[in-house]
Amino acid sequence: MTTQVLDDLKEEDEEEEEDEEGCVNPTEVKMSQIVMPCHCNHRQELSVGQLLKWMDSTACLSAERHAGSLCVTASMDDIHFEHTISVGQVVNIRAKVNRAFNTSMEVSEAELSLITFQVSHILGYVSSQVTLRPVAPQTQREHVEYSVAAERRRVRMLHSDIVKELLSSADSSAVCSGTAAEKTRVESVELVLPPHANHQVNTFGGQIMAWMVNVATIAASRLCQAHPTLRAIDMFTFRGPSQVGDRLLLRAIVNNAFKNSLEVGVRAEAYQEEGPNRHINSAFMTFEVLDDSGKPCTLPRIRPEPLEGERRFQEATARKKIRLDRKYIISRKQSEVPLSVPWDPRNQVYLSYNNVSALKMLAARKNWRLSTEKDKVRLYTLEQKSMLSFRVEAEVDVPAHRAFCLLADLSNRTSWDMHYKKCELIHGVDDDDFIYRVVTPSVRQAAGGSPTSTNPGEGVLQDFILLASRRKPCGHGDPYVIALRSVSLATHPPFEGYNRGEVLCAGFTILETNNNIYYNQASPEVLPYISTDIAGLSSSFYHTFCSCSQYLSRNGQLPASEETKSIELPPPSPVLVCSG
């Protein structure tokens, strides 16, 4: 990453810290623990199981503070361990509710050691038996987390479908060499005693997770013949409770071993002296073995057992692909991600997530500066060291859902947008995501190096391969979203006679107000159709939004039958075309 981008990220973090000063989140819970020898493994490092206990307690306390009633952990997703913690250090855990849905909440946690580096960050989902009141975000960061939480929930619910999609196209050839997976199998039984129960007399979720980590570590060590280091947990899913007096049967086995990492699958079942076993929890854990210099060692290969073992082997490969896609697309700052990420059916969910969340994050920033206003069309700018962003707000007396349907219909875009010469639907991914090829007038470099639009017919045309993602509100106060970003397709390389443009972040957010007025925020990173005089509102840009307003007003009121039809059928629309 360049020094310039690093400076931008540092500046963003400082702004967020300033924004949070003086704001107290009513759901925030902090826990501080000093690491004692009894909390550690033989290396005098904090046991991951102990850390998970503390995390689970903090998350539940935060959730109960919001719900006002007893809560239980439903799942923990995306747990990443970046560093180890040693005896004598202090662990500070902070948890707060990002968003409340009907009967579940997303709780985010960050764990920091005394030397202030981030150890891990998790997203936990906690369920309650009561209907939850909405969360009221206060700071900029809380607004972003609140907005993006719905998109994360959507990704989590589609996780199993993504794995199935990857398995359908996976290479099913068997592995003939390597250590037999059966040799890594571990089984352990734990008796649930009163100290293992929570205040609801159920087995403490953190305790179950700690036991699962223990058996997974033993299974991993049987393959690598060394002490493995837990790096990530794909998902803890609590399927049901267990009580004091239950026996917990914990099973673990190495599913697959890659060059520098291995995946262990763990399953927890509860049973009484009589009666069938109850599947209560599952998780997939990724381990590494580090050498004396802290670098990952090469691991031996694994030979899966027939049928069931081969299924787990292939699923582990699919999950690794998901983790790599997530790291490449989601888990990095927006400025680190290449503009045109290759689109693939297997990563479409994460590209769509990144597309929507990037626009929501940009729209949530509070440092927008009003540059000019003309006839209620307002141009805002957000200047950073590595980029310049624009936002345009316009008010139209059209219901938000109707404006969303109209702007999501690209078939009429050329009639009101002079920057659209042609728009071709390449692929309808699903009901919410579409890929288009858009042709626009050429862009030339003006004096001073800034891009401007040329007159029609001049120069070489530009085209874009765009992923358009649309989202209806998940809850009260959410905007309608039409997000846009560039992707690359092997079937559509740059065409001769066209300059291939790219879009990092663009789109519309549409909000309903008391007077049925919506705000249309166009927020691309670079918009070549604004004149070089940023202080003034470009006539081209202004007239485009006037045309958009007139188009919405003309078509804003239709009979109910036609309105219903337009809501169901049209594809989504991107914002004014931009290039980076």
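Anyway, here's the lowdown on the structure attached to this text. Predicted model only: the values in this text are computed from it and were never measured.

### Section: the overall build of the protein chain
Here is step 1 of the chain: Along the backbone of the protein chain there are 11 helices and 25 strands.
Here is step 2 of the chain: Sorting the 580 residues of the protein chain into buried and exposed places 52% on the buried side.
Here is step 3 of the chain: In the protein chain, 71% of the contacts between residues at least 6 apart in sequence involve partners at least 24 apart.
Here is step 4 of the chain: Surface summary for the protein chain: the accessible area is close to 25900 Å², and the carbon and sulfur share equals 51%.

### Thoughts on the pairing of strand S24 (residues 506-510)
For a regular strand, side-chain orientation follows a simple rule: the groups alternate between the two sheet faces.
Here is step 1 of the chain: Counting buried residues in S24 gives 5 out of 5 residues, a clear majority hidden from the surface.
Here is step 2 of the chain: On S24, burial covers both faces: Ala506, Phe508 and Ile510 on one face and Gly507 and Thr509 on the other are all buried.

### Considering the packing of aromatic side chains
Here is step 1 of the chain: The final tally for this structure, using the stated rule, is 3 aromatic pairs.
Here is step 2 of the chain: With centroids separated by 5.9 Å and ring planes inclined at 20 degrees, the aromatic side chains of Trp416 and Tyr551 adopt a geometry described as stacked. Note that Trp416 is positioned in helix H9 (residues 413-416) and Tyr551 in helix H10 (residues 539-555), a separation of 135 residues in sequence.
Here is step 3 of the chain: Take Trp416: its relative accessible area is 7%, and that puts it in the buried class.
Here is step 4 of the chain: Under the relative-accessibility criterion, Tyr551 is labelled buried at 4%.
Here is step 5 of the chain: Across the ring face of Tyr146, the terminal group of Arg99 is positioned such that the distance to the ring centre comes to 4.2 Å.
Here is step 6 of the chain: The aromatic ring of Tyr498 is capped on one face by Arg437, whose charged end is 4.7 Å from the ring centroid.

### Observations regarding helix H8 (residues 400-407)
Here is step 1 of the chain: By the criterion of burial, H8 is predominantly enclosed, with 7 of the 8 residues buried.
Here is step 2 of the chain: When we look at burial in H8, the residues that qualify are Ala400, Arg402, Ala403, Phe404, Cys405, Leu406 and Leu407.

Criteria and thresholds
Residues numbered from 1 in each chain as written. Predicted model: local features only at pLDDT ≥ 70, side-chain atom pairs only at ≥ 80, totals over all residues. Heavy atoms only, no water. Helix = DSSP H or I, 4+ residues; strand = E, 2+ residues; numbered from the N terminus. Buried < 20%, exposed > 50% of the residue type's maximum accessible area, 1.4 Å probe, protein only. Contact = heavy atoms within 4.5 Å. Areas by Shrake-Rupley, 256 points an atom, 1.4 Å probe, with all protein chains shown as cover. Phe/Tyr/Trp six-rings, centres within 6.5 Å; stacked < 30°, edge-to-face > 60°. Lys NZ or Arg CZ within 6 Å of the ring centre and 35° of its normal.

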